Amino acid sequence: MEKLIKIDDYSRVRDICGIEDKNLRFIEKELKVTIALRADGILVKGESKRIEKALHFITKMMDLAREGMVFSQTELSQYLNAVHLSGDEGVRQDEDSQGIRVFSTRKRLVLPKTQGQQDYIKAIRKHDVIFSIGPAGTGKTYLAMALAVNFLMRKNVGRIILTRPAIEAGESLGFLPGDMAEKMGPYLRPLYDALYDMMEAEMIEEFIETGVIEVAPLAYMRGRTLNNAFVILDEAQNCTTEQLKMFITRLGFDSKAVITGDITQSDLPGGKPVGLLEGVEILKAIEDIKFVYLGRNDVVRNPLIQKIIQAYENFYREKAN
């Protein structure tokens, strides 16, 4: 069986095909089809279901190429993984399986790499308050930041607010040098890393200067009402119950709050109860609040990390028994 994808605009063909058709060869290998570039379009041959996946995949590439997207092998691999997540019955057409288009000058396409991450993206799009709980490397912070940038560039929100509790180690935050953003820099490094991966440095600096992107310690949220904002509370396992309650009740109209944390890595001193754990117990009955649990199968770092997480889980399970 064969099908032809017609090309009306050949200006972006190189971006789709890659240098020496490297992208097409990659798609052929992964989807087990045969692809040929012809004068009237792209011809795909193979089994019916595989052709349908290839057609959907290449068509989406063409749409993204019109927006200026340039595909690396890594992004192609991630996108194909998202296609495989949809199963063999066909490719899902919803936006969650197609990834997050970050409309900055970097033209990034951020994709869910696991079913858990796909569920996380869907939860953020559909709910105003989302808790994401899971170990390191599951994409809790990165995906939240990608969606925050996406919402901002689409003008769904007017600003991004980044916050986390500052657990101090012998130094008072007030005695650290610089302005508030500089003081909080070390605490918010994971959020900054994700932000700079998606937007140009000049744009980020301009947004911070004008208040479009705000960086603040959790204590500075008290007494405020956060309207028209995408708010990310990172490292929420270091919140007390009072701090978490204070944060959630700041949310105003047309806003979204994403709370991320790893309940196995709390740095709260003196054996204080983890506010994140108590928050889950207190709020679990509220239907409009969504809880997403990510596990070791959602870890997208070095495969060794999955084994480390499993070892810790086994240790604590045996200790409890």
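Residues numbered from 1 in each chain as written. Predicted model: local features only at pLDDT ≥ 70, side-chain atom pairs only at ≥ 80, totals over all residues. Heavy atoms only, no water.

A.B. asks: Just to check I follow, could you spell out the overall build of the chain for this structure?
C.D. replies: If you tally the helices and strands in the chain, you get 13 helices and eleven strands. Counting the 321 residues in the chain, one finds 48% classified as buried. Considering only residue pairs separated by 6 or more positions, the chain has 73% of its internal contacts joining residues 24 or more positions apart. Split by element, the accessible area of the chain, about 16,400 Å² in all, is 51% carbon and sulfur. (Helix = DSSP H or I, 4+ residues; strand = E, 2+ residues; numbered from the N terminus. Buried < 20%, exposed > 50% of the residue type's maximum accessible area, 1.4 Å probe, protein only. Contact = heavy atoms within 4.5 Å. Areas by Shrake-Rupley, 256 points an atom, 1.4 Å probe, with all protein chains shown as cover.)

A.B. asks: Please clarify how the packing of aromatic side chains should be interpreted in this entry.
C.D. replies: Here a ring pair, both rings aromatic, is described through the centre-centre distance and the interplanar angle of the planes. Counted under the stated rule, the structure contains three aromatic pairs. Seen in terms of ring centroids, Phe 131 and Phe 291 are 4.9 Å apart; in terms of plane orientation they differ by 20 degrees. Their pairing is stacked. Of this pair, Phe 131 sits in strand β6 (residues 129-133) while Phe 291 sits in strand β11 (residues 289-293); the two residues are 160 residues apart in sequence, bridging distant segments of the chain. Its relative accessible area of 0% is what places Phe 131 among the buried residues. On the basis of relative accessible area, Phe 291 is assigned to the buried category, the value being 15%. With centroids separated by 5.5 Å and ring planes inclined at 75 degrees, the aromatic side chains of Phe 151 and Phe 230 adopt a geometry described as edge-to-face. Taken together, the positions of Phe 151 in helix α7 (residues 140-153) and Phe 230 in strand β9 (residues 229-233) put the pair 79 residues apart, joining distant regions of the chain. Taking the relative accessible area as the measure of exposure, Phe 230 reaches 0% and is therefore buried. (Phe/Tyr/Trp six-rings, centres within 6.5 Å; stacked < 30°, edge-to-face > 60°.)

A.B. asks: It is not clear to me how helix α9 (residues 189-198) should be interpreted in this structure. Could you clarify?
C.D. replies: Those residues of α9 that sit buried are Leu 191, Tyr 192, Ala 194, Leu 195 and Met 198. Seen from one end, α9 has its buried residues packed into an arc of 165 degrees, which puts them on one side. (Arc of directions from axis to C-beta.)

A.B. asks: Would you explain the packing of helix α6 (residues 115-126) against α7 in this entry?
C.D. replies: Two quantities define a packed helix pair, namely the angle between the axes and the distance from one axis to the other. Their axes nearest at 11 Å, the elements α6 and α7 cross at an angle of 40 degrees. Accordingly, the angle class assigned to the pair α6 and α7 is oblique. For the crossing formed where α6 meets α7, the hand is right-handed. The residues of α7 that touch α6, namely those facing Gln 117, Tyr 120, Ile 121, Ile 124 and Arg 125, are Lys 140, Leu 143, Ala 144 and Leu 147. (Axes fitted to C-alpha atoms, helices over the stretch in contact; angles between N-to-C directions. Parallel < 35°, antiparallel > 145°, perpendicular 65-115°, else oblique. Left-handed = near helix turned anticlockwise from the far one by under 90°.)

A.B. asks: When you look at the sheet that holds strand β2 (residues 34-38) in this model, what are you seeing that I'm missing?
C.D. replies: Whenever strands of a sheet pair, they do so through backbone hydrogen bonds, lying parallel or antiparallel. Taken in spatial order, the three strands of this open sheet run β1-β3-β2, and their pairing is antiparallel. Each of the sheet's edge strands pairs with one partner strand only, and the pair in question is β1 (2-6) and β2. With strand direction ignored, the average angle separating the axes of adjacent strands in the sheet is 20 degrees. As paired strands, β1 and strand β3 (residues 41-45) are joined by five bridges and run antiparallel to one another. Residue pairing in the sheet places Glu 2 in a bridge with Lys 45 of β3. Where helix α3 (residues 48-66) meets the sheet, its contacts fall on β1, β2 and β3, and the angle it forms with β1 comes to roughly 10 degrees. (Pairing = 2+ DSSP bridges.)

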